[in-house]
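The chain contents come next:
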Amino acid sequence: MELADVQDDLTEVLLTADQIDAKIAELARAVEADYADRDPLLVGVLKGAVMVMADFARELKMSAAMDWMAVSSYGSGTKSSGVVRILKDLDTDLHGRDVLIVEDIIDSGLTLSWLRENLLSRGAASVEIVALLRKPEAAKVHVDVRYVGFDIPNAFVVGYGLDYAERYRNLRGVGVLAPHVYS
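None of these values were measured; they are calculated from a predicted model.

Regarding the overall build of the chain
Next, step 1: In terms of regular secondary structure, the chain is built from four helices and nine strands.
Next, step 2: Its C-alpha radius of gyration of 16 Å places the chain within 12% of the 16 Å reference for a compact globule of 183 residues.
Next, step 3: Its C-alpha atoms put the chain at 50 × 35 × 25 Å along the principal axes.
Next, step 4: Counting the 183 residues in the chain, one finds 49% classified as buried.

See below:
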């Protein structure tokens, strides 16, 4: 789905598909350089990170295993509750592994901070984060993120995996959702 297909539902286009593709390639090159002699495990956080994970993994010019987790801190609202629940756990043993959490967006940082500590407690050798989007103004806790695509405003955004009520995930780009859609 193209941004133009939902223009009445958006107040602003933040990122086009071309901008996202270029940034994913840039992030992949950085990871390749940093992990040249290692075998990282990519951990995608469902459902939002599906698009980022797929494109990032395909862009990598190195072997990298993948696994998935589903965690929730949102419920049905538009703001994080800060209480994290694991809905689907990893299938991979993390002991001694270099883990790269692949995320679509860092909002408050509460869920990601919890997830990073959880994975380290399972014996991972290292846990770093690759995030396409980050909202610095929304941060409630500091999360050390090694690979960040774009810093964006503290607005409710959709597209490229990000949704509102399971809509807009397949949007090729990222836009600010108009308040009339969710209020």
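Considering helix 1 (residues 17-34)
Next, step 1: In a regular helix each residue adds 1.5 Å, so 18 residues correspond to 26 Å; helix 1 covers 26 Å between its end C-alpha atoms and thus fits that length.
Next, step 2: Every buried residue belonging to helix 1 is among I20, K23, I24, L27, A28, V31 and E32, and all of these are buried.
Next, step 3: Among the structural elements, strand 1 (10-16), helix 2 (50-59), strand 5 (98-106), strand 6 (126-134), strand 7 (147-151) and strand 9 (173-177) are those in contact with the buried residues of helix 1.

Comments concerning the nonpolar core
Next, step 1: Counting 28 residues, the largest nonpolar core has V31, F56, L132, L133, V157 and V174 as its most contacted members.
Next, step 2: Of all the elements in the fold, those that place two or more residues in this core are strand 1, helix 1, helix 2, strand 5, strand 6, strand 7 and strand 9.
Next, step 3: With five residues, the single largest contributor to this core is helix 1.
Next, step 4: Non-local contacts of V174, meaning those with residues more than four positions away in its chain, are made with L3, V13, L14, L15, I20, L133, V157, V158, G159 and Y160.
Next, step 5: The next biggest cluster of nonpolar side chains, apart from the first, holds 20 residues, and it includes V45, A124, V127 and A131.

Notes on the pattern of salt bridges
Next, step 1: Enumeration over the complete set of coordinates arrives at 20 salt bridges.
Next, step 2: In this structure, R58 engages D55 in a salt bridge whose closest nitrogen and oxygen atoms are separated by 2.4 Å. Note that R58 and D55 are positioned in helix 2 at a spacing of three residues, about one turn of the helix.
Next, step 3: One salt bridge connects R169 with E166, and the closest N-O pair in it is separated by 3.1 Å.
Next, step 4: If you follow the salt bridges from partner to partner, you end up with R29, E32, E59 and K61 in one network.

Digging into the packing of aromatic side chains
Next, step 1: Taken as a whole and judged by the stated rule, the model has three aromatic pairs.
Next, step 2: Ring geometry for F156 and Y164: centres 5.9 Å apart, planes at 85°, overall edge-to-face.
Next, step 3: F156 gets classed as buried once you look at its relative accessible area, which sits at 18%.
Next, step 4: Ring centres of Y164 and Y182 lie 6.0 Å apart, and the angle between their planes is 55°; this geometry places the pair in the tilted category. Placement of Y164 in the loop between strand 8 (157-158) and strand 9 and of Y182 in helix 4 (residues 179-182) is noted, with a sequence separation of 18 residues between them.
Next, step 5: Judged by its relative accessible area of 30%, Y182 is partly exposed.

Considering the environment of K61
Next, step 1: Following the sequence through the fold, K61 ends up in the loop between helix 2 and strand 3 (65-72).
Next, step 2: On a C-alpha basis, the gap between K61 and V31 in space is 9.8 Å, while along the polypeptide they are 30 residues apart.
Next, step 3: The contact partners of K61, leaving out residues within four places of it in the chain, are R29 and E32.

So, how was this worked out
- Residues numbered from 1 in each chain as written.
- Predicted model: local features only at pLDDT ≥ 70, side-chain atom pairs only at ≥ 80, totals over all residues.
- Heavy atoms only, no water.
- Helix = DSSP H or I, 4+ residues; strand = E, 2+ residues; numbered from the N terminus.
- Rg over C-alpha atoms; globule rule 2.2 N^0.38 Å.
- Buried < 20%, exposed > 50% of the residue type's maximum accessible area, 1.4 Å probe, protein only.
- Expected span 1.5 Å × (residues − 1).
- Contact = heavy atoms within 4.5 Å.
- Core = buried A, V, L, I, M, F, W, Y, C linked by side-chain atoms within 4.5 Å.
- Salt bridge = Lys/Arg side-chain N within 4 Å of Asp/Glu carboxyl O.
- Phe/Tyr/Trp six-rings, centres within 6.5 Å; stacked < 30°, edge-to-face > 60°.

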